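# Observations on chain architecture
Listed below, chain by chain, are the residues.
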Amino acid sequence: MAVSSCSSQKILSFSSSCSSFECRSDPDFSGSARFDKPRISAARVIGASTASFSGVSSLIFRFPPNFVRQLSTKARRNCSNIGVAQIVAASWSNSVGSGSNSAAATAASAITSGDDIALVDGLKNVQLEALADLKNEASFLSSDGSLAIHAGERLGRGIVTDAITTPVVNTSAYFFKKTAELIDFKEKRRASFEYGRYGNPTTVVVEEKMSALEGAESTVIMASGMSASTVMLLALVPAGGHIVTTTDCYRKTRIFIETVLPKMGITATVIDPADMEGLEAALNNNNVSLFFTESPTNPFLRCVDVKLVSDLCHKKGAIVCIDGTFATPLNQKALSLGADLVLHSATKFIGGHNDVLAGSISGSGKLVTQIRNLHHVLGGALNP
């Protein structure tokens, strides 16, 4: 959403010099399920007249003083990038044609001079209990278009359900009731979701379930097993690093190791899954960042000695990641055997019904956080 504060005289502007505008308190969406009558206050507008508001119900909601306080660069950027759009969207009034009960009409009738525009304050809650008299009490629900979108919806209220099955939350962005909530979220004082690529309540359930099955501190779920493999390698192996993998390896994973990683100066040693002497030699002769193998392997179902491999690699400071797709957590718990990470193409046995693409990585919170941060950049998010 792009917003310009420098517009012509026919459009509302915040000051004649197009500088930063004044701030006011947030509308409160946390109250009862009904709307109180709006309170009207006045603010300056350039070159406006009463007649110019007859078709305008998108009233200006200005941000509170704490919105412009000092934040980190990232917080300020993200607040303006995503959060502001969400807060403004939550407060936005729908355009209407005629009708004395509209917010635009209320605003226009309250104007006593050509320099003032009415602002709505004190909206209580956007969750409405019934359709009976919405048009009389909810100014931004004064058209069929708004009713079709908003009526009956939670509009930002937390999901409360006794359903046995997990709700599928289909959203790309999340709702903050007021700017203060967004700032608290950005400054780590409030837990929330922000954007679909960074998390979703439905997929978090899958992550927690996988962590429980694997005995892991944390899990990140992605759009496919290949997404999980490639993001993991890119996140944990530095430029110029060295990895060890095995001859039995999913072909697309091998292609990535052989063709993409070398572009970043990353080299690889390939050993037989049972060749522990080859592994020791690779560890002694190279600064190995990561050992990565499938166990059982695809497609020959060969297994590695996860405990022995982990002991050898940890002595040299190398991370061990086991792709346990063919075993699932029910048949092998690689973390309990000493591995640092366990990866799954959840498309296979974990999905179970040939109708899902997904990938997961479980392990320590520290390592999974590194992978998750890069995942948020690359964007292979799983559809809820």
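Residues numbered from 1 in each chain as written. Predicted model: local features only at pLDDT ≥ 70, side-chain atom pairs only at ≥ 80, totals over all residues. Heavy atoms only, no water.

We apply this condition: UniProt positions are given in the numbering used here, feature names are shortened, and annotations may be inferred rather than shown by experiment.
The name an unreviewed UniProt entry gives the protein is Cystathionine gamma-synthase, with Citrus sinensis as the organism. The record in UniProt for the protein states the following under Sequence similarities (unreviewed entry): "Belongs to the trans-sulfuration enzymes family." UniProt annotates the protein under Cofactor (unreviewed entry) with the comment "pyridoxal 5'-phosphate".

### Observations regarding the overall build of the protein
Stated formally: Secondary structure elements follow DSSP: runs of H or I no shorter than four residues count as helices, runs of E no shorter than two count as strands, and numbering proceeds from the N terminus. When accessible area is computed with a 1.4 Å probe and restricted to protein chains, residues below 20% of their type maximum are described as buried, those above 50% as exposed, and intermediate ones as partly exposed. Whether two residues are in contact is decided by their heavy atoms: any pair within 4.5 Å suffices. In this description, accessible areas are obtained by the Shrake-Rupley approach with a 1.4 Å probe, and a residue is regarded as covered only by the protein chains that are shown.
Secondary structure summary: the protein contains 12 helices and nine strands in total. Residues counted as buried form 45% of the 384 residues belonging to the protein. Across the protein, contacts joining residues at least 24 apart in sequence account for 73% of those joining residues at least 6 apart. Of the roughly 19400 Å² that the protein leaves accessible, carbon and sulfur atoms contribute 54%.

### Section: the pairing of strand S7 (residues 319–323)
Spelled out, the test is: Every crossover in which the path from the first strand over the helix to the second runs clockwise, viewed with the strands pointing away from the viewer, is termed right-handed. Only strands that DSSP links by at least two bridges are regarded as paired with each other.
Of all the five residues making up S7, five are buried; the element is thus mostly covered by neighbouring parts of the structure. Because side chains alternate across S7, one face comprises the buried residues Ile 319, Cys 321 and Asp 323, and the other comprises Val 320 and Ile 322, equally buried. In this view, the connection linking strand S6 (residues 288–294) to its parallel neighbour S7 by way of helix H10 (residues 306–315) has right-handed handedness. Here S7 runs beside strand S8 (residues 341–345); their pairing, made up of three bridges, is parallel. Bridging from a neighbouring strand, Asp 323 pairs with Leu 343 of S8.

### Notes on the packing of aromatic side chains
Put simply, the rule is: Two rings from Phe, Tyr or Trp (for Trp, the six-membered ring) form a pair when their centres sit within 6.5 Å of each other. Planes less than 30 degrees apart are called stacked, planes more than 60 degrees apart edge-to-face, and all others tilted.
Under the criterion given, the structure shown has four aromatic pairs. An angle of 75° between the planes, with centres 6.3 Å apart, marks the rings of Phe 326 and Phe 349 as edge-to-face. Taken as a pair, Phe 326 in the loop between S7 and helix H11 (328–331) and Phe 349 in the loop between S8 and strand S9 (359–363) lie far apart in primary sequence, 23 residues in all. Look at Phe 349 and you get exposed, because its relative accessible area is 55%.

### Considering the nonpolar core
Cut-off, in case you're wondering: Among buried residues, the Ala, Val, Leu, Ile, Met, Phe, Trp, Tyr and Cys ones that are joined through side-chain atoms within 4.5 Å form a nonpolar core.
Of all hydrophobic cores here, the largest spans 23 residues; its most connected members are Met 232, Leu 233, Ile 243, Leu 290, Leu 341, Ile 361 and Ile 371. The leading source of residues in this core is helix H7 (residues 225–236), at five residues. Sequence-distant contacts of Ile 371, that is, excluding residues within four places in its chain, are made with Val 220, Met 222, Val 231, Met 232, Ala 235, Leu 236, Leu 341 and Ile 361. Counting residues in hydrophobic clusters, the runner-up holds 21 residues, among them Met 276, Ala 282, Val 309 and Ala 334.

### Re the sheet that holds S8
Selection criterion: To get an axis, a line is fitted to the C-alpha atoms, and for a helix only the part in contact is used. The angle between two axes follows their N-to-C directions and goes from 0 to 180 degrees.
As summarised here, the arrangement of the seven strands in space is S3-S9-S8-S7-S6-S4-S5, forming an open sheet in which the pairing is mixed. Two strands close off the open sheet at either side, each with one partner strand: strand S3 (218–222) and strand S5 (267–271). Strand-to-strand, the axes of this sheet are offset by a mean angle of 20°, without reference to chain direction. Note that S3 and S9 share five bridges and pair antiparallel. For Ser 218, the partnering residue across the bridge sits in S9 and is Gly 363. H7 rests against S3, strand S4 (242–246), S6, S7, S8 and S9 of the sheet, and its axis sits at about 150° to S8.

### Digging into the pattern of salt bridges
Any two side chains of opposite charge can pair, on the condition that their charged atoms come close. Here is the rule: Here, a salt bridge means any side-chain nitrogen of Lys or Arg that lies within 4 Å of a carboxyl oxygen of Asp or Glu.
Enumeration over the complete set of coordinates arrives at eight salt bridges. In this structure, the salt-bridge partner of Arg 190 is Glu 181, at a minimum N-O distance of 3.3 Å. Judged by its relative accessible area of 29%, Arg 190 is partly exposed. Overall, the relative accessible area of 16% leaves Glu 181 in the buried class. Salt bridges sharing common partners tie together Asp 184, Glu 187 and Arg 189.

### A word on H7
Put simply, the rule reads: To estimate the expected span of a helix, count its residues, drop one, and scale the result by 1.5 Å.
With 12 residues, H7 extends 17 Å between its outermost C-alpha atoms, agreeing within 8% with the 16 Å of an ideal straight helix rising 1.5 Å per residue. The buried fraction of H7 is high, at nine of 12 residues. Listed in full, the buried residues belonging to H7 are Gly 225, Ser 227, Ala 228, Ser 229, Thr 230, Val 231, Met 232, Leu 233 and Leu 236.

### What about unusual backbone geometry?
A cis amide bond links Ser 295 to the next residue, Pro 296, at an omega of 0°. Within the element layout of this structure, Pro 296 appears in the loop between S6 and H10. In this structure, the amide linkage connecting Asn 298 to the following residue, Pro 299, adopts the cis form with an omega of 15°. You will see that Lys 188, though not glycine, has its phi angle at about 70°, which is positive. In this structure, Lys 188 sits in the loop between helix H5 (179–186) and helix H6 (201–214). For Asn 354, which is not glycine, the phi dihedral falls at a positive 60°.

### A few points about the side chain of Asp 248
Rule in force here: Between N or O atoms, a polar contact is any pair within 3.5 Å; within protein, one atom must be a potential hydrogen donor and the other a potential acceptor, and residues adjacent in sequence are included only when both atoms are from side chains.
Take Asp 248: it is sitting in the loop between S4 and helix H8 (251–260). A distance of 3.1 Å separates the side chain of Asp 248 from the side chain of Thr 297, its partner in a polar contact. Residues in contact with Asp 248, not counting those within four places in the same chain, are Pro 273, Glu 294, Thr 297, Asn 298, Phe 300 and Arg 302.

### Notes on the confidence of the model for the protein
The condition is simple: In predicted models, pLDDT denotes the confidence assigned by the predictor to each residue on a 0 to 100 scale.
The share of residues in the protein with pLDDT of 70 or more is 60%, and the mean pLDDT across the chain is 74. Confidence drops under a pLDDT of 50 for residues 1–24, and excluding neighbours within four residues, the segment shows 36 contacts in the predicted structure. Of the regions scoring below 50 in pLDDT, residues 87–137 engages in 143 contacts with residues more than four places distant in sequence or in other chains.

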